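The residues making up each chain are set out below.
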Amino acid sequence: MTYKYLIPLAFLIIALNACNNKEEELADLALAQKHCGSCHLFPTPDLLDKNNWEKVLPKMGLFMGINSEIKKHSKIDPIEQNSIPTKPMVSEEDWKRIKKYYIDKSPYSLHFPLSSITTGEGKLFKGISRMPYSQKMPNITSIKIDTEKHMVYASDEINQEIWVLDKGSNVVRQIPNHVAISDIQVLRNNHVLFTYMGNSIDPSLRHHGYIKTISSDKNEILLTNLYRPTQTLSINLDENSDEELVINEFGGLKGSLAVWKKINGTFEKHIIENSPGAIKTIPIDFDKNGKLDLITLFGQGDERIVWYKNNGNLQFTSTTLLRFPPVYGSSSFDLVDMNKDSLLDIVYTAGDNSDYTVELKPYHGVYIFSNQGKNTFKQTYFYQMNGAYKAVARDFDLDGDLDIASIAFFVDYFEKTPKDFVFFENTQQGFIPKVLNIKNFGRWLVMDTGDIDGDGDEDIVLGNHPIGTTPGTLLKEWIKAKGILFLINQSANNK
C-alpha cells in the first residue's frame with residue numbers, strides 16, 4: 001500500500017471511531033435518562049462538578065440497590081435499609097456506564113454568572129433593633145409577625161424558648177421548654193399554632209415531630225409521630241364549618257402532604273400526596289371556582305410545585321406546575337401577580353445546600369416564573385444568590401408595584417459583598433438588587449414580613465441561626481449577636 005492511500009484511510013478510521021463514540025455517548029445518555037429521570041427530573045451532568053458527582057452517585061446507587069455501592073457502607077441506618085430495594089434497579093454493568101457518563105461529561109468546576117449589586121437600600125429600612133437572649137447563643141428556627149397585635153413570635157432552639165416581642169423589640173413574654181419549631185401560625189381566639197420538627201431541626205429519618213397550640217392559659221398537643229413537619233395550616237377545605245389541619249411532613253425517606261380531619265375528638269389523616277419533601281403550602285382558590293385549593297412546594301429529590309385542585313369532600317386532583325432537578329435545593333416560593341395581568345406568578349428560591357453536595361451552585365438564587373395561562377409558567381427573571389432560602393414579594397416602598405425581599409443561609413462570605421439579605425427594588429428599568437450590610441448581625445435562616453408598627457407599610461424581621469459550617473470569623477460575631485433583627489420600613493413616614 002502506498003503512502004497516498006494511508007492518509008484517507010487514517011481519516012476514515014478517525015471518522016468511524018468518532019461515530020462509534022457518539023453512538024456510545026447517546027446510548028449512555030439514554031441509559032442515564034431512563035434510570036436517573038424516573039423518580040425525579042433528569043439531572044444533567046453540568047449541574048455538578050466531577051468531584052461532587054463522585055460523592056453523589058454512590059448514594060444514589062445505594063437507593064437503587066446496586067450491590068457494589070451497598071458493600072461500600074459499613075453501617076446503614078435501619079430505616080434507610082428498608083428503602084433499599086431487594087433487587088437492583090439497574091445492572092452493575094449499566095451502573096458503571098451511568099457513573100462514567102456523569103463523570104466524563106461533568107465540568108471540573110461550575111461557571112457562575114456575574115450578578116450586579118448595589119450596597120445599601122437608601123431610606124427604606126431604618127430603626128434596626130435586636131432582642132436579648134438567654135444563657136447561650138441564639139439559634140432562631142422560626143419567626144412570625146402578629147400584625148393584629150403588633151407582636152413577633154420567635155423560637156430559639158438552643159435556649160429552648162419561645163420569645164414574644166412587642167413592636168419596639170421589647171420582650172413581653174418568654175415561654176420555656178420548646179425546641180426545634182419549624183413553623184408558627186397565629187390563630188383566632190389568642191391561640192398560636194406551633195409545628196415542631198422534633199428535638200432538633202437537624203436531618204432525621206425518625207417521626208419525632210408534633211403539633212401544639214399555645215394560648216395565654218393552655219397548651220395542647222394536637223398530633224405526634226410526624227416526619228419532620230415544616231408547616232401546619234388550620235383552614236377549612238370541605239363543606240363542613242370546622243377547620244382541618246394541613247401538614248407538610250418534609251420527612252426524609254418518609255413523609256407526606258395530608259389533611260387531618262377531627263372527628264369525634266380524634267384526628268383522621270387524609271393523604272393528599274404520599275411522598276416526602278413537602279416544604280410549604282399556600283391555600284388559595286387557584287382556579288376561582290369557590291373552593292380553596294392548595295399549592296405546595298416539594299424538595300427532597302423530586303423537587304416541584306404542585307397545584308392540588310379541591311374537588312370537595314377532601315379529594316384533590318394534582319397538577320405539576322413546575323419541576324426542578326434534584327440538586328436545586330428548593331427552599332421557598334410565593335404566589336403573587338408580579339406583572340399586573342391578573343394571573344398569579346411564582347417567586348421561587350433555590351438554595352438549600354446541606355445534603356451531599358455543599359459546593360456553591362450557579363443556579364441558586366431568586367427566580368420569577370410568569371403565568372402564561374392554562375397552568376403554564378415561563379421563567380422571566382433570575383438573580384444568582386448563593387444559598388437563597390426565602391423570597392417574599394410585597395410593595396415595600398408603596399409605589400404601586402411589587403418588590404422582593406430575600407435572604408440566603410448558605411452564603412459565600414468570601415465575596416466582597418456577601419449576598420445574605422438582598423432587596424430587589426422594582427423600577428421601570430427592572431429590578432435593582434440592593435444589599436443591606438447586616439452580615440455581622442446574624443446568619444439568616446428565617447424571615448417574615450408584615451406591618452409590625454401599624455403605620456401601613458411592610459416591615460421585616462430576620463432570625464439569626466449561627467449553627468453550621470461558616471467561613472472566616474463571622475461565627476464569633478453571630479454568637480455575640482442578639483437573635484432577631486427588626487427592619488422597620490420608613491416608606492409610610494416618607495410619603
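Residues numbered from 1 in each chain as written. Predicted model: local features only at pLDDT ≥ 70, side-chain atom pairs only at ≥ 80, totals over all residues. Heavy atoms only, no water.

## Some details on the overall build of the protein chain
Secondary structure summary: the protein chain contains seven helices and 29 strands in total. Taking 495 residues into account, the globule formula puts the C-alpha radius of gyration at 23 Å, and the protein chain, at 25 Å, falls close to it. Principal axes of the C-alpha set define a box for the protein chain whose edges measure 95 × 55 × 50 Å. Within the span of the protein chain, comprising 495 residues, buried residues form 52% of the whole. (Helix = DSSP H or I, 4+ residues; strand = E, 2+ residues; numbered from the N terminus. Rg over C-alpha atoms; globule rule 2.2 N^0.38 Å. Buried < 20%, exposed > 50% of the residue type's maximum accessible area, 1.4 Å probe, protein only.)

## Considering the packing of aromatic side chains
The full count for this structure, using the stated rule, is 24 aromatic pairs. With centroids separated by 4.3 Å and ring planes inclined at 10°, the aromatic side chains of Tyr196 and Tyr210 adopt a geometry described as stacked. Linking Tyr196 in strand β8 (residues 192-196) with Tyr210 in strand β9 (residues 209-214), this pair joins segments that are 14 residues apart in sequence. Here the two residues Tyr196 and Tyr210 agree in accessibility, since each one is buried. A ring pair is formed by Phe324 and Tyr348, whose centres lie 4.1 Å apart and whose planes are at 5°; its orientation type is stacked. Taken together, the residues span a long stretch of sequence, with Phe324 in strand β18 (residues 315-324) and Tyr348 in strand β20 (residues 345-350) at a distance of 24 residues. For Phe324, a relative accessible area of 4% corresponds to the buried category. In textbook terms, an aromatic cluster arises when at least three aromatic residues are bridged by ring pairs, as seen for Phe324, Tyr328, Tyr348, Tyr363, Tyr367, Phe369 and Phe382. Over the face of the ring belonging to Phe298 we find Arg304, whose NZ or CZ atom lies 4.0 Å from the ring centre. (Phe/Tyr/Trp six-rings, centres within 6.5 Å; stacked < 30°, edge-to-face > 60°. Lys NZ or Arg CZ within 6 Å of the ring centre and 35° of its normal.)

## Some points on the sheet that holds strand β6 (residues 171-176)
Spatially, four strands are ordered β3-β4-β5-β6 in an open sheet, and the strand pairing comes out antiparallel. Two strands lie at the open edges of the sheet, namely β3 (140-146) and β6, each paired on one side alone. Along the sheet, successive strands turn relative to each other by an average axial angle of 15°, direction set aside. Of the pairings in the sheet, the one linking strand β5 (residues 161-166) to β6 comprises five bridges and is antiparallel in character. The residue bridging Ile162 from the neighbouring strand is Ile175, located in β6. (Pairing = 2+ DSSP bridges. Axes fitted to C-alpha atoms, helices over the stretch in contact; angles between N-to-C directions.)

## Looking at helix α2 (residues 50-63)
Spanning 14 residues, α2 covers 21 Å between terminal C-alpha atoms, matching the ideal 20 Å at 1.5 Å per step. Along α2, the positions that sit buried rather than exposed are Lys50, Asn52, Trp53, Val56, Leu57, Pro58, Lys59, Gly61 and Leu62. Against α3 (67-70), α4 (78-82) and α5 (92-105) lie the buried residues of α2. Measuring from the side-chain oxygen of the N-cap residue of α2 to the backbone nitrogen of Asn51 gives 3.2 Å; that N-cap residue is Asp49. (Expected span 1.5 Å × (residues − 1). Contact = heavy atoms within 4.5 Å. Polar contact = N/O pair within 3.5 Å; in protein donor to acceptor, adjacent residues only side chain to side chain.)

## Description of the sheet that holds β18
In spatial order, the strands read β15-β16-β17-β18; together these four strands make up an open sheet with antiparallel pairing. With partners counted over all chains shown, the strands left at the sheet margins are β15 (278-284) and β18, one partner each. Averaged over all adjacent pairs, the angle separating strand axes in this sheet is 20°, with direction ignored. As paired strands, strand β16 (residues 293-298) and strand β17 (residues 303-312) are joined by five bridges and run antiparallel to one another.

## Focus: the side chain of Asp293
Examined against the element boundaries, Asp293 turns out to sit in strand β16. Of the side chains bearing the opposite charge, Lys309 lies closest to the buried Asp293, which forms no salt bridge; the N-O distance is 5.7 Å. Engagement of the side chain of Asp293 in a polar contact is seen with the backbone nitrogen of Asn310, the distance being 2.8 Å. Those residues in contact with Asp293, other than ones at most four positions away along the chain, are Ile282, Pro283, Ile284, Asp285, Phe286, Asp287, Trp307, Tyr308, Lys309 and Asn310. (Lys, Arg positive; Asp, Glu negative; His and termini not counted. Salt bridge = Lys/Arg side-chain N within 4 Å of Asp/Glu carboxyl O.)

## Focus: the pairing of β5
Most of β5 is tucked away: five of the six residues are buried. Both strand β4 (residues 151-156) and β5 contribute to a ladder of six bridges, which runs antiparallel. Looking across to β5, one finds that Ala154 is bridged to Trp163. Between β4 and β5, which pair antiparallel in sequence order, lie four residues; one of them, Gln160, sits at a positive phi of approximately 55°. In this structure, the hairpin formed by β5 and β6 is closed by a connection of four residues, where Ser169 is found at a positive phi of approximately 70°.

## Quick notes on unusual backbone geometry
Look at Ser169: it is not a glycine, yet its phi comes out positive at around 70°. Overall, Ser169 belongs to the buried group, its relative accessible area being 8%. Although it is not a glycine, Asn313 adopts a positive phi angle of roughly 60°. Note on placement: Asn313 falls in the loop between β17 and β18.

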